[in-house]
Amino acid sequence: MPLLPRRYERLKAVLNRRMADLTVLLEHVEKPHNLSAILRSCDAVGVLEAHVVSLKGRERTFNSTAQGSQKWVPLHGHASGAEAIQALKTQGFKLYGTHLSAAAVDYRSCDFTGPTAFVLGAEKWGLSEATTELVDQAIVIPMQGMVQSLNVSVATATLLFEALRQRQAAGLLPNQGQGVPAERYDDLLFEWAYPDVARWCRDQGKAYPALDAEGTIKGDLPRTLKLRC
Ligand code: SAM
């Protein structure tokens, strides 16, 4: 099935609105329907990639709730909360830990227009103490009901859409690819447009071929691979 110009334009339009400086770090969030719903919200808001610390030996799975969004929002695995937080801090992110404590501030009083990572905790027991201590700011979504907490995917969506709202109000939403590091843009577009070819290139240790203005691959590929384009 060839890549239709309309599909290529759509992929570009979505990538052009992605934000590398907005992300989530999920600590031991394991249920497939929660992971799926979270990635779907990330895709909807324009998060470029997400992060997860998984329990040892647990395979990450998604279900139909994701609607395929796991293809468009890669989930990077980390060995521990501390390692993940260090990696994100090194990249300049401010880490907002969702913690249902008296020390946490109302999320609406925070500025999410700079590099922002929301740190969400496990369905049952929330954020670990170790991770809570490492975040820059504890935040909470104030609750008015009988139940103490939201479902983790609902909390994630609430926070991401607040970040989107603030960035929109500040005129900071990218629409021309400025939210994606320039050196990664072409590779990401290629991976979105031709995932099979991209995998083959990586396996062969080859650079991705260039695309023309309509998204057609320039240059020759092995015949078996061409059939998949
Ligand atoms: N008993 C757990 C606790 O005390 O944290 C509840 C965990 S809650 C079901 C799962 C995750 O959803 C939390 O770790 C947090 O990341 C997020 N969450 C749920 N309700 C929230 C709220 N009102 N404000 C901020 N985050 C919330």
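Preceding block: the structure.
Residues numbered from 1 in each chain as written. Predicted model: local features only at pLDDT ≥ 70, side-chain atom pairs only at ≥ 80, totals over all residues. Heavy atoms only, no water.

Before going further, it helps to spend a moment on the packing of helix H2 (residues 32-45) against helix H5 (residues 152-169). One way to put it is that H2 packs onto H5 with a least axis distance of 9 Å and a crossing angle of 10°. For the element pair H2 / H5, the angle class is roughly parallel. Only Val152, Ser153, Thr156, Ala157, Leu160, Phe161 and Leu164 of H5 make contact with H2, whose side of the interface consists of Asn34, Ala37, Ile38, Ser41, Cys42, Ala44 and Val45. Along the lines of polarity and charge, the residues of the contact of H2 with H5 split into 10 nonpolar, 4 polar and no charged. (Axes fitted to C-alpha atoms, helices over the stretch in contact; angles between N-to-C directions. Helix = DSSP H or I, 4+ residues; strand = E, 2+ residues; numbered from the N terminus. Parallel < 35°, antiparallel > 145°, perpendicular 65-115°, else oblique. Contact = heavy atoms within 4.5 Å. Nonpolar A, V, L, I, M, F, W, Y, C, P; charged D, E, K, R; others polar.)

So, about H2. Over its 14 residues, H2 extends 20 Å from the first C-alpha to the last, a length consistent with the 20 Å expected when each residue adds 1.5 Å. Listed in full, the buried residues belonging to H2 are Asn34, Leu35, Ser36, Ala37, Ile38, Leu39, Ser41, Cys42 and Val45. Downstream of H2 by one or two residues, Gly46 has phi in the positive range, about 105°. (Expected span 1.5 Å × (residues − 1). Buried < 20%, exposed > 50% of the residue type's maximum accessible area, 1.4 Å probe, protein only.)

Turning next to the layout of surface pockets. Roughly 480 Å³ of volume is contained in the second largest pocket. Together, 23 residues line the second largest pocket, and Leu100, Ala122, Gly126, Ser149 and Leu150 are the ones closest to its centre. Taken together, the elements giving at least two residues each to the lining of the second largest pocket come down to strand E7 (137-140) and H5. Of the residues contributing to the lining of the second largest pocket, the split by class is 12 nonpolar, 8 polar and 3 charged. (1 Å grid on protein atoms, 1.4 Å probe; cavity = no way out; pocket = protein on both sides within 12 Å on 5 of 7 lines; lining within 4 Å. Points joined across faces, edges and corners; volume = space filled by probe spheres on them.)

Next up on the list: the site of the ligand. Close contacts around the ligand come from 17 residues, with Thr98, Leu120, Gly121, Ile141 and Leu150 the closest. Between the ligand and Lys124, the relevant distance is 3.3 Å, taken from a nitrogen atom to a main-chain nitrogen or oxygen of the residue. At a separation of 2.8 Å, a nitrogen atom of the ligand approaches a polar backbone atom of Ile141. The protein chains hide 85% of the 560 Å² of surface that the ligand would expose on its own. (Near = heavy atom within 4 Å. Polar contact = N/O pair within 3.5 Å; in protein donor to acceptor, adjacent residues only side chain to side chain. Areas by Shrake-Rupley, 256 points an atom, 1.4 Å probe, with all protein chains shown as cover.)

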